[in-house]
Amino acid sequence: MRAQIEKWRRSPMSSLEMLPLLEVAHGRREPRTSVESPASPVVDRIHAAARGLAAFGRRSLLLIALFAAWEAAPRLGLIDAVFLPPFSEVIAAGWQLAQTGELYDDVSASLLRALSGFLISVALIVPLGVAVGWYARLGDLVNQFIEICRNTAPLALLPVFILLLGIGELSKITMVIYSCAWPLLLNTVAAVKQVDPLLIKSARTMGATPEQLFRKVIVPAALPTIFVGIRLASASAMLVLVASEMVGAKAGLGYLIINSQYSFLIPQMYFGILGITVIGLAFNAILEALERRFMRWKSPVTA
């Protein structure tokens, strides 16, 4: 060992290069067999996924407890299993519906009606709401009509839509459009009216054209409130659609629920209710993602 140290000392190496070798020779430091590298990206992804799963578990703790109570209460005799079957039996009934293809037909029918009415309503009502909110005279002209219509429950008009449009797809899609129209219209009008006047004056002072004013100022400032109306409209769409499918339909989740009740197929009935809940949650998640996409300029609120 001394001979090696003496050899290192005589070699043309700098003192900084010799220091690690001397520490290894005296047992103060472990030899480095390879160049130290930062943590692997794969390990970072695993850690991030583990943190995400842990956060999801904390958020879903109450939901997991609810499903566990749903499973345990009928099996322990706390609730009559005829009227509230265990959660596992509900899922098994849904699996049987999926195997026969009936579930696909019902879900696709409901999704087609809900999405058609919802998208048509957004395409028609949001521009109308912007115009009503921007032009005061137009707002004064249609204000009373809006108040009357929005205070008339959509379900109360269901027989009227069926009488006028029949029990086919047209009446159901029209019902969805009608139910989505009022939360969309009211929130859009309020969003446009609540735009800060200082922003409008500043844009006009800097020479913005009406098209630039609308595109650069009005729309970005009104988008958060408009998206609130869009999310409320999606919930109204599912509510009214299910009710209309219970009255006159041969397919759809509403038809599945009411037909299962009449046939006393209680697990299938509960699975239809869960299916509506899942579709509503999926709609809401998609709209939240779109909201984040269109409003990347908006800084998140931190506690």
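In case you missed it, the structure is sitting above this.
Notes on the structure follow. Numbering of residues begins from 1 in every chain and follows the order in which that chain's sequence is written. Local features are withheld for residues below a pLDDT of 70 in this predicted model, meaning they are given only at 70 or higher, and side-chain atom pairs are given and counted only at 80 or more; totals for whole chains, interfaces and linings count all residues. Hydrogen atoms and water are omitted, and side-chain values are computed over all heavy atoms in the structure.

## So, the overall build of the protein chain
No. 1: Think of it this way: any DSSP run of H or I at least four residues long counts as a helix, any run of E at least two long counts as a strand, and we number them from the N terminus. Tallying secondary structure elements over the protein chain gives 13 helices and zero strands in all.
No. 2: Helices and strands in the protein chain line up, N terminus first, as α-α-α-α-α-α-α-α-α-α-α-α-α.
No. 3: Among the 303 residues that make up the protein chain, the fraction classed as buried is 32%.
No. 4: Of the contacts formed within the protein chain by residues at least 6 apart in sequence, a portion of 68% connects residues at least 24 apart.
No. 5: Shrake-Rupley sampling with a 1.4 Å probe provides the accessible areas, and residues are treated as covered by the protein chains on show and by no other component. Entry remark: accessible area of the protein chain is about 19800 Å², with carbon and sulfur atoms responsible for 67%. Here the term buried applies to any residue with accessible area under 20% of the maximum for its type, exposed to any over 50%, and partly exposed to those in between, with areas from a 1.4 Å probe on protein chains only. Here a residue-residue contact requires only that any non-hydrogen atoms of the pair lie within 4.5 Å.

## Overview of the packing of helix α4 (residues 61-75) against helix α5 (residues 87-100)
No. 1: To define axes, lines are fitted to C-alpha atoms, for helices over the stretch in contact only, and angles between the resulting N-to-C directions are given on a 0 to 180 degree scale. Close contact between α4 and α5 brings their axes to 7 Å; oriented N to C, the two are set at 105 degrees. By the angle class used here, α4 and α5 are roughly perpendicular. Contacts between α4 and α5 pair Phe67, Trp70, Glu71 and Arg75 from the former with Phe87, Ser88, Glu89 and Val90 from the latter.
No. 2: Basically, the charged four are Asp, Glu, Lys and Arg, the nonpolar ten are Ala, Val, Leu, Ile, Met, Phe, Trp, Tyr, Cys and Pro, and anything else, Gly included, counts as polar. Residues of the contact of α4 with α5, tallied by class, amount to four nonpolar, one polar and three charged. An angle below 35 degrees is treated as roughly parallel, one above 145 as roughly antiparallel, one from 65 to 115 as roughly perpendicular, and anything else as oblique.

## Observations concerning a nonpolar patch on the surface
No. 1: Only residues whose relative accessible area exceeds 30% and that form no salt bridge enter a patch; like-charged residues are grouped when within 9 Å of one another, and nonpolar side chains (Val, Leu, Ile, Met, Phe, Trp, Tyr) when within 5 Å. A carboxyl oxygen of Asp or Glu within 4 Å of a side-chain nitrogen of Lys or Arg is what we treat as a salt bridge. Together, Val160, Leu163, Leu164, Leu165 and Leu170 make up an exposed nonpolar region whose accessible area comes to about 530 Å².
No. 2: Tallying contributions element by element places helix α8 (residues 158-165) first for the nonpolar patch, with four residues.
No. 3: If you trace the backbone, leucine 164 turns up in helix α8.
No. 4: Residue classification places leucine 164 among the exposed residues on the basis of a relative accessible area of 68%.

## Some details on helix α12 (residues 253-262)
Along an α-helix, residues three or four positions apart point the same way, because every turn accommodates 3.6 residues.
No. 1: Considered for burial, the residues of α12 that qualify are Leu253, Gly254, Leu256, Ile257, Ile258 and Ser260.
No. 2: Elements that come into contact with the buried residues of α12 comprise α5, α6 (102-134), α11 (210-247) and α13 (266-294).
No. 3: A positive backbone phi angle near 60 degrees is found at phenylalanine 264, which sits one or two residues after α12.

## Description of the nonpolar core
No. 1: Core analysis: the biggest nonpolar cluster contains 56 residues, and Cys180, Trp182, Leu184, Ile230 and Tyr270 have the highest contact counts within it.
No. 2: For this core, the element with the highest residue contribution is α11, accounting for 14 residues.
No. 3: Residues contacting isoleucine 230, with those up to four places away along its chain left out, are Phe118, Leu184 and Leu287. Note on terminology: a nonpolar core comprises buried Ala, Val, Leu, Ile, Met, Phe, Trp, Tyr and Cys residues joined through side-chain atoms within 4.5 Å.

## Some details on the side chain of serine 179
No. 1: In this fold, serine 179 is placed in helix α9 (residues 169-193).
No. 2: The class for serine 179 is buried, based on a relative accessible area of 5%.

## Quick notes on the pattern of salt bridges
If charged atoms from side chains of opposite charge come close, those side chains can pair.
No. 1: Tallying each qualifying case throughout the model produces six salt bridges.
No. 2: Residue arginine 231 is joined to glutamate 288 by a salt bridge in which the shortest nitrogen-to-oxygen separation is 3.0 Å. Placement of the pair is arginine 231 in helix α11 and glutamate 288 in helix α13, with a sequence separation of 57 residues.
No. 3: Assessed through its relative accessible area of 29%, arginine 231 is described here as partly exposed.
No. 4: Accessibility expressed as a relative area gives 28% for glutamate 288, which makes it partly exposed.

## As for the packing of aromatic side chains
The description of two aromatic rings rests on the distance between their centres and on the angle between their planes.
No. 1: Note on aromatic pairs: the rings of Phe, Tyr and Trp (six-membered ring only in Trp) are paired at centre separations within 6.5 Å, and the planes decide the class, stacked below 30 degrees, edge-to-face beyond 60, tilted for the rest. Inspection of every chain in the model, using the stated rule, returns six aromatic pairs.
No. 2: For the pair phenylalanine 67 and phenylalanine 87, a centre-to-centre distance of 4.5 Å together with 20 degrees between the ring planes defines the contact as stacked. Here the residue phenylalanine 67 occupies a position in helix α4, and phenylalanine 87 occupies one in helix α5, the gap between them amounting to 20 residues.
No. 3: In this structure phenylalanine 67 comes out as partly exposed when scored by relative accessible area, which is 26%.
No. 4: Judged by centre distance (5.7 Å) and plane angle (80 degrees), the ring pair of tyrosine 178 and tryptophan 182 falls under edge-to-face. One end of the pair, tyrosine 178, and the other, tryptophan 182, are both in helix α9, four residues apart, so they sit about a helical turn from each other.

Honestly, it's all geometry; don't read function into it.
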